Amino acid sequence: MLSRNRQPYRHSTMPSLPRIITVDPTWTVSRIIRSATDLLGLGTIQIDVPRGVDALEELQHAGANLVVSTWELDEEMQGLELALRVKQTAANTGVVILADVDDPESLDEETEGAPPFIYMRRPVDVHQFLRVLIAGIKGEDIIAAAQPAPLEASASLDTRPLPPIDVQNARSIIKQMLVDVGAMAVILSARNGDVLLEDGAPGYLDRELLTRALIPTVTTTIEMSNLVGGQAQTIHFYDGDDKDVFVLGVGLHHFLCVIYDGQAGGRQFGSITRYGRRAVQDLVALMGASAFMIEERETPAPVSKPAAGHKTRKATTEVEKVELVRPEITIPEPEPVRLDPIQNLDFSLFDQLGSVDTSTADDLFDLDKLADLVSANSGRKEISFDEAIELGVLPNLDSDGKK
């Protein structure tokens, strides 16, 4: 064992490089860590050992910033025991168990509560693994680094209201779509991160994390709609080993997530294109034109505050009083109607009205009596030659002389 008081390292002006201990009898973890540090350009001292006992001896000898071990080691000590003993020996040393595909998916049955180390099973999330590696090399909290980075929606999106959607009718559309496409689950979410509807078995995937991760995709759709013009429709496909996810844009404010098993999603492009697009069109029809409209929220103009001690005067506007005068409209009186007098009018005729026989007045409206009257007066009347001349029917030849 080396002495802790070796003078060359105590008086060195160069800062000591971070130390990493890898524990793997197959040396696979050693190659992964070395490739990652070379890719990131990080200078480290890496010690590779095949057994847990060797790792504990190296840790007691010179310490380490990070210990990365496999789950299966040897009969003497396994990865879980090594991780716990490392945390007991050096609490500030970060410990990562990088398990293989056949190893347990999680440690829920192996440990009680949250373990003081990181357990990751290959294939791992590259971004998460690199965050943990960098935090361990720098001596930071690797458990906090393993948590997903919070995704915040764009501020411009948060201030824009969402169009209303009929949830009951949308639920029936999603149920029918789930049957048509044969997916594990279908989730309808909004661009503000809210999960509106879900059907099937969404527990296979963290729906909240899935929705937050897809918010930048919605932002891209809005920006691309201005470039390509019209009502843009999008389909995204994420092919994974465990899960396959299709994402279909529903207008500019909502999106559908269709989740398949990792081995089945690649064969579903036909059904997604047919039935998925039809479901999207039905959902857009529920919202109408508002599905493709971005409504800006009005922001009140800032009000400047007066300086302390300064009295403000209320601005008043004087309005000149205007008197309204009702116009007088004169309508000329009509001239009286004056009739010409009747010449030689004998007013004594009105004195004889009382002696007039009115009993025959009703005969004017009796059709039978009118017919008899017409028949009695329709006979022919003979006139003489002289009467015809007087009536003007025949010309008077004698007045011009006889010929």
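Residue numbers restart at each chain and count upward from 1, following the sequence in its written direction. The predicted nature of this model means local features are confined to residues of pLDDT at least 70 and side-chain atom pairs, given and counted, to a pLDDT of 80 or more, with totals for whole chains, interfaces and linings taken over all residues. The side-chain values count all of the structure's non-hydrogen atoms but skip hydrogen atoms and water molecules.

Asker: Give a description of the nonpolar core that names residues and reports values.
Answerer: As a rule of thumb, nonpolar side chains are buried together in soluble globular proteins. Leu256 and Val258 are the most contacted members of the largest nonpolar core, which totals 27 residues. Excluding residues that lie within four positions of it along the chain, Leu256 makes contacts with Ile174, Met177, Val186, Ile187, Leu188, Phe246, Val247, Leu248, Val250, Val280 and Leu283. Buried residues of nine kinds, namely Ala, Val, Leu, Ile, Met, Phe, Trp, Tyr and Cys, make up a nonpolar core once their side-chain atoms join them within 4.5 Å. When a residue's accessible area, from a 1.4 Å probe over protein chains only, is under 20% of the maximum for its type it is buried; when over 50% it is exposed; and in between it is partly exposed. In this structure, Val67, Leu73, Leu82 and Phe117 belong to the second largest nonpolar core, which totals 23 residues. By definition, residues are in contact when any of their heavy atoms lie within 4.5 Å.

Asker: So what about the packing of aromatic side chains? Which residues, and what values?
Answerer: Working definition: a ring pair exists when centres of Phe, Tyr or Trp rings (six-membered ring for Trp) sit within 6.5 Å. Plane angles under 30 degrees give stacked, over 60 give edge-to-face, the rest tilted. Tallied over the entire structure, the rule returns five aromatic pairs. Ring centres of Phe246 and Tyr260 lie 5.9 Å apart, and the angle between their planes is 85°; this geometry places the pair in the edge-to-face category. Here Phe246 is found in strand 9 (residues 243–250), whereas its partner Tyr260 is found in strand 10 (residues 254–261), with 14 residues between them in sequence. Of the aromatic side chains, those joined through ring pairs into one cluster are Phe237, Phe246, Tyr260 and Phe269. Runs of E in the DSSP output that reach at least two residues are strands. Runs of H or I that reach at least four are helices, and both are numbered from the N terminus.

Asker: Describe the side chain of Thr211, with residues and values.
Answerer: Along the chain, the position of Thr211 falls in helix 9 (residues 207–228). Leaving out residues up to four positions away in the same chain, Thr211 has contacts with Ser189, Ala190, Gly193, Val195 and Phe255.

Asker: Quick one: what's the story with the confidence of the model for the protein, residue by residue and with numbers?
Answerer: For residues with low pLDDT, the predicted coordinates do not support detailed interpretation. The predictor rates its confidence in each residue with pLDDT, a number between 0 and 100. Mean pLDDT over the protein stands at 77; residues scoring 70 or higher make up 70%. pLDDT under 50 marks residues 1–14. Its contacts with residues more than four places away, or in other chains, come to three contacts. Taken as a whole, residues 151–159 scores under 50 in pLDDT and shows eight contacts with residues more than four places along the chain or in a different chain.

Asker: Got a sec to walk through the pattern of salt bridges? Specific residues and values, please.
Answerer: The salt bridge criterion pairs a side-chain nitrogen of Lys or Arg with a carboxyl oxygen of Asp or Glu, the two atoms within 4 Å. Per the stated rule, a full pass over the model turns up eight salt bridges. Its salt-bridge partner being Asp54, residue Arg51 comes within 3.2 Å of it at the nearest N-O pair. Residue Asp54 is classed as buried on the basis of its relative accessible area of 19%. Note that Arg278 and Asp180 form a salt bridge whose closest N and O atoms lie 3.3 Å from each other.

Asker: Go over the sheet that holds strand 2 (residues 45–49), please, and point to the residues and values.
Answerer: In this scheme, strands are said to pair when DSSP sees at least two bridges between them. Strand order in the open sheet made by the five strands is 2-1-3-4-5, with parallel pairing throughout. Taken across any chain shown, the strands that pair with only one partner, and hence form the sheet edges, are strand 2 and strand 5 (118–121). Within this sheet the neighbouring strands show an average axis-to-axis angle of 20°, counted without direction. Sheet analysis places strand 1 (residues 19–23) next to strand 2, joined by five bridges and oriented parallel. Considered in strand 2, the bridge of Ile20 is made with Gln46. All axes are obtained by fitting lines to C-alpha atoms, using only the stretch in contact for helices, and the reported angles, taken between N-to-C directions, cover 0 to 180 degrees.

Asker: Give me the lowdown on the sheet that holds strand 9, citing residues and values where you can.
Answerer: Taking strand neighbours across the sheet as the criterion, the five strands line up as 7-6-10-9-8 in an open arrangement whose pairing is antiparallel. Two strands lie at the open edges of the sheet, namely strand 7 (195–200) and strand 8 (235–239), each paired on one side alone. Averaged over all pairs of adjacent strands, the angle between strand axes in this sheet comes to 15°, irrespective of strand direction. Where strand 6 (residues 185–190) meets strand 10, six bridges bridge the pair, whose relative direction is antiparallel. The residue bridging Ser189 from the neighbouring strand is Phe255, located in strand 10. Sheet strands in contact with helix 9 are strand 6, strand 7, strand 8, strand 9 and strand 10, and its direction is about 125° off that of strand 10.

Asker: Before we move on, could you go through a negative patch on the surface and cite the residues and values that matter?
Answerer: Together, Glu105, Asp239, Asp241, Asp242 and Asp261 give the surface a local cluster of negative charge. Within the secondary structure layout, Asp261 lies in strand 10. Patch members must show over 30% relative accessible area and no salt bridge, and they are joined within 9 Å when carrying like charges or within 5 Å when they are nonpolar side chains of Val, Leu, Ile, Met, Phe, Trp or Tyr. Values of accessible area rely on a 1.4 Å probe in the Shrake-Rupley scheme; residue burial ignores everything except the protein chains shown. His residues and chain termini do not enter the charge count, which takes Lys and Arg as positive and Asp and Glu as negative. Where a charge lies is defined by one atom per residue type, namely NZ (Lys), CZ (Arg), CG (Asp) and CD (Glu).

Asker: I'd like a rundown of unusual backbone geometry, residues and numbers included.
Answerer: For the bond running from Arg122 to Pro123, omega is 0°, close enough to zero to count as cis. Looking at where Pro123 falls in the secondary structure, it is placed in the loop between strand 5 and helix 5 (126–137). You will see that Trp27, though not glycine, has its phi angle at about 65°, which is positive. Along the chain, Trp27 turns up in the loop between strand 1 and helix 2 (28–40).

Asker: Quick rundown of the pairing of strand 6? Include the residues and the values.
Answerer: Among the six residues of strand 6, six are classified as buried, and the element is accordingly described as predominantly covered. Judged from the five bridges that link them, strand 6 and strand 7 form a sheet pairing that is antiparallel. From the neighbouring strand, Ser189 faces strand 7, where its bridge partner is Val195. Hairpin connection of strand 6 to strand 7: four residues between the antiparallel strands, including Gly193 at a positive phi of 95°.

Asker: Please set out helix 8 (residues 167–181) residue by residue, giving values where relevant.
Answerer: How far a helix is expected to stretch is found by multiplying one less than its residue total by 1.5 Å. With 15 residues, helix 8 ought to run about 21 Å at 1.5 Å a step, and its terminal C-alpha atoms sit 21 Å apart, in line with that. Among all positions in helix 8, only Ala170, Ile173, Ile174, Met177, Leu178 and Val181 are buried. Looking straight down helix 8, one finds its buried side chains confined to an arc of 140°; they lie on one side. Exposed residues pointing more than 90 degrees away from the buried face of helix 8 are listed as Gln168 and Val179. Pairs of N or O atoms within 3.5 Å make up the polar contacts considered here, provided that, within protein, one atom can donate a hydrogen while the other can accept it, and that residues adjacent in sequence are counted only when both atoms are side-chain atoms. Two or three places before Gln168, at the start of helix 8, stands the capping residue Asp166, its side-chain oxygen 3.3 Å from that residue's backbone nitrogen. Think of it as the arc spanned by the lines of direction from the helix axis to the C-beta atoms.

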